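Geometric and topological summary
Below, each chain spelled out in residue letters.
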Amino acid sequence: MQTKRLSESEGDIKLAGEILRNGGLVAFPTETVYGLGANALDAEAVGAVYKAKGRPSDNPMIVHIADIGDLGSLVRGGRDGIGRTAAQVMEAFWPGPLTLIFPKSSAVPDATTGGLETVAIRMPSNDTAHRLISEAGIPIAAPSANISGKPSPTTSNDVLEDMDGRIDAVIMGENCEVGIESTVLDLSSDRPVILRPGVITSELISEIIGQEVFYDDTLLGTPGQMIDPQDQDALSSFKPKSPGVKYTHYAPKAKVRLIEVRESDFTEKVSQLEQELREQGLKSAILNYNDNAKQAAKNLFADLRELDRQKYDVIFIKTLDKSGLGFSVMNRMLKSAGYDIIR
Ligand code: AMP
Ligand code: MG
């Protein structure tokens, strides 16, 4: 398959909308990471996304909408099925990098939700994403536009690296502003729970809804929670609430190791580790975001991919303070390192 490179022009967005309506796959920029879009109401189109990504079919997709009016047909009970708390957070954070979980209507195929009775919905704020979804005129299922397990793509070239020849088109837009995926918030149980942390933090949500927001306990990950997608026995016995968390994730080819030591010990620790690797003929790189969580979010995935292109064997990353956005970025760092931390 020849993958078309499209621009953000009106004509190209029209063409991309048509491809999506006809069951094709189009990658497009959002404020978080690049998404791989398909008609969310077409089980066959969604099946093609799983295939292109090599994504396990029980890992549900997020459905993207352009207008609040598109929500009713996706949620069980329609607009009235949306609770007061959900309405409050939507009012505060949509359009933006926040995904909400709702009971699904019968219009949403099981293929889109990985067989779950709930559907994850987001309204992105990125202008190109918004124009594309409006133009398509249908809800768009869009997981990150990478091969499953690799770092998410935050530039159009990173999308092509994984998807060239596998999908119909890529909109060659800007680099993603946020750089990590949306916060996934579940309001369906008696207390609000974050299933995936993002730039909209628990603190920000708490402030709006006036109650405490919890983290799903699997987020505080231990090595036991990392499961190899090939290990069928382990997979079937592990049932986290957000199925995406059970697969290895965000991993570049290089081995990633996190370093959590005092600032004053960092340089010495790293030079000692690098020396050991040099003696084995291995090449290592260091990512140090100086505790700037926003910069780390924006650059982490792109940096991991760039260091792979430069053929590093090992990437050392200095850990971040785990408060606010730092917690969300650390979640990605921990997964990309397979929970390997040097202390
Ligand atoms: P990605 O498509 O790569 O952005 O990943 C989507 C994330 O949303 C995964 O971690 C999914 O497990 C999560 N997700 C999607 N739909 C649901 C749902 N209905 N309930 C819980 N988590 C969901
Ligand atoms: Mg993903």
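To keep things clear, this report deals only with the structure shown in the data block. (Residues numbered from 1 in each chain as written. Chains lettered and ligands numbered in written order. Predicted model: local features only at pLDDT ≥ 70, side-chain atom pairs only at ≥ 80, totals over all residues. Heavy atoms only, no water.)

**Section: the overall build of the protein**
Put simply, the rule is: Numbering of helices and strands runs from the N terminus, with a helix taken as a DSSP run of H or I at least four residues long and a strand as a DSSP run of E at least two residues long. Atoms counted for the radius of gyration: C-alpha only. Globule rule: 2.2 Å times the number of residues to the power 0.38. Exposure classes here rest on a 1.4 Å probe applied to the protein chains alone. A residue is buried below 20% of its type maximum, exposed above 50%, and partly exposed in between. We call two residues in contact when some of their heavy atoms are within 4.5 Å. Surface accessibility follows the Shrake-Rupley procedure with a 1.4 Å probe radius. Residue values consider only the protein chains on display as shielding.
Counting its secondary structure elements, the protein contains 11 helices and 15 strands. In terms of overall size, the protein behaves like a compact globule, its C-alpha atoms giving a radius of gyration of 20 Å where 343 residues would be expected to give roughly 20 Å. Across its three principal axes, the protein shows a C-alpha extent of roughly 60 × 50 × 40 Å. A total of 343 residues make up the protein; the buried ones form 55% of that total. Summarising the internal contacts of the protein: among those between residues at least 6 apart in sequence, 68% fall at separations of at least 24. Here the protein displays about 14700 Å² of accessible surface, and carbon together with sulfur accounts for 47% of that area.

**Structural notes on the packing of aromatic side chains**
Rules: Classification of ring pairs uses Phe, Tyr and Trp, with its six-membered ring standing for Trp, and accepts pairs whose centres are within 6.5 Å; under 30 degrees between planes counts as stacked, over 60 as edge-to-face, and the remaining range as tilted. The criterion for a charge sitting over a ring is simple: Lys NZ or Arg CZ within 6 Å of the ring centre, and within 35 degrees of the ring normal.
Tallied over the full model, the rule gives 2 aromatic pairs. Seen from their ring centres, Y250 and F301 are 5.1 Å apart, and the 25° between their planes marks the pair as stacked. Of the two residues, Y250 is situated in the loop between α8 (232-237) and β12 (255-259) and F301 in helix α10 (residues 293-309); the sequence distance between them amounts to 51 residues. Taking the relative accessible area as the measure of exposure, Y250 reaches 1% and is therefore buried. The buried category is assigned to F301, whose relative accessible area is 1%. Lying across the ring of F214, R191 places its NZ or CZ 3.8 Å from the centre.

**Let's talk about the nonpolar core**
Condition: The set of buried Ala, Val, Leu, Ile, Met, Phe, Trp, Tyr and Cys residues whose side-chain atoms join them within 4.5 Å is what this entry labels a nonpolar core.
Counting residues in each nonpolar core, the largest one holds 44 residues, and the members touching the most others are L36, L71, W94, L98, F102, I121 and I205. For this core, the secondary-structure elements that each account for two or more residues are β3 (35-39), α2 (43-53), α3 (84-93), β5 (98-103), β6 (118-122), α6 (156-163) and α7 (202-209). In terms of residue count, the dominant contributor to this core is α2 (5 residues). Grouped together as the second largest cluster of nonpolar side chains are 27 residues, V178, A254, L325 and L334 included.

**A few points about the sheet that holds β3**
The cut-off we apply is this: Note on pairing: DSSP must find at least two bridges between two strands before they are called paired. Under this scheme, a helix contributes an axis fitted over its contacting stretch, all axes are lines through C-alpha atoms, and angles between N-to-C directions fall in the 0 to 180 degree range.
Read from one edge to the other, the open sheet built from 11 strands follows the order β1-β8-β2-β3-β7-β4-β6-β5-β9-β10-β11, with strand pairing classed as mixed. The outermost strands of the open sheet, each flanked by one partner alone, are β1 (4-6) and β11 (214-215). Relative to strand β10 (residues 193-196), strand β9 (residues 183-186) runs antiparallel, the two sharing 3 bridges. Directly across from V184, in β10, lies its bridge partner R196. Those strands touched by helix α1 (residues 10-21) are β1, β2 (26-28), β3, β7 (140-141) and β8 (169-171), and its axis lies near 135° from that of β1.

**Details of the packing of α10 against helix α11 (residues 325-336)**
Where we set the bar: Roughly parallel here means an angle under 35 degrees, roughly antiparallel means over 145, roughly perpendicular means 65 to 115, and every remaining angle is called oblique. Two helices that cross are described as forming a left-handed crossing if the nearer one is turned anticlockwise from the farther one by less than a right angle, and a right-handed crossing if clockwise. For this scheme, ten residues count as nonpolar: Ala, Val, Leu, Ile, Met, Phe, Trp, Tyr, Cys and Pro. Four count as charged, namely Asp, Glu, Lys and Arg, and the remainder, Gly too, count as polar.
Here α10 crosses α11 at 20°, and the two axes come no closer than 9 Å. Between α10 and α11, the angle falls in the class roughly parallel. Judged by the twist between their axes, the crossing of α10 over α11 is left-handed. Where α10 approaches α11, its residues A293, K294, A296, A297, L300, F301 and L304 are matched on the opposing element by L325, G326, V329, R332, M333 and S336. For the contact of α10 with α11, the per-class residue count stands at 9 nonpolar, 2 polar and 2 charged.

**With respect to the side chain of T128**
The topology assignment puts T128 in helix α5 (residues 127-136). When near neighbours in sequence (up to four residues on either side) are disregarded, T128 contacts E8, I13, P29 and I171.

**Focus on the pattern of salt bridges**
Just so we agree on the cut-off: Salt bridge criterion: a side-chain nitrogen from Lys or Arg within 4 Å of a carboxyl oxygen from Asp or Glu.
Scanning the entire structure with this criterion turns up 17 salt bridges. R309 is the partner of D158 in a salt bridge, and the nearest nitrogen-oxygen pair spans 3.2 Å. Taken together, the residues D158 in helix α6 and R309 in helix α10 connect sequence positions 151 residues apart. For R309, the salt bridge identified is with E161, shortest N-O distance 2.8 Å. Remark: E161 occurs in helix α6 and R309 occurs in helix α10; sequence separation between them is 148 residues. For R309, a relative accessible area of 39% corresponds to the partly exposed category.

**A word on the sheet that holds β12**
In space, the 4 strands of this open sheet follow the order β13-β14-β12-β15, with parallel pairing throughout. Two strands lie at the open edges of the sheet, namely β13 (284-287) and β15 (341-342), each paired on one side alone. Judged from the 5 bridges that link them, β12 and strand β14 (residues 314-318) form a sheet pairing that is parallel. Bridge assignment links V256 to a residue of β14, and that residue is I315. Each of β12, β13 and β14 touches α10; the most contacted strand, β13, lies at about 165° to it. Along the sheet, α11 contacts β12, β14 and β15; its crossing angle with β12, the most-contacted strand, is approximately 130°.

Such coordinate-based values are descriptive only and should not be taken to indicate function.
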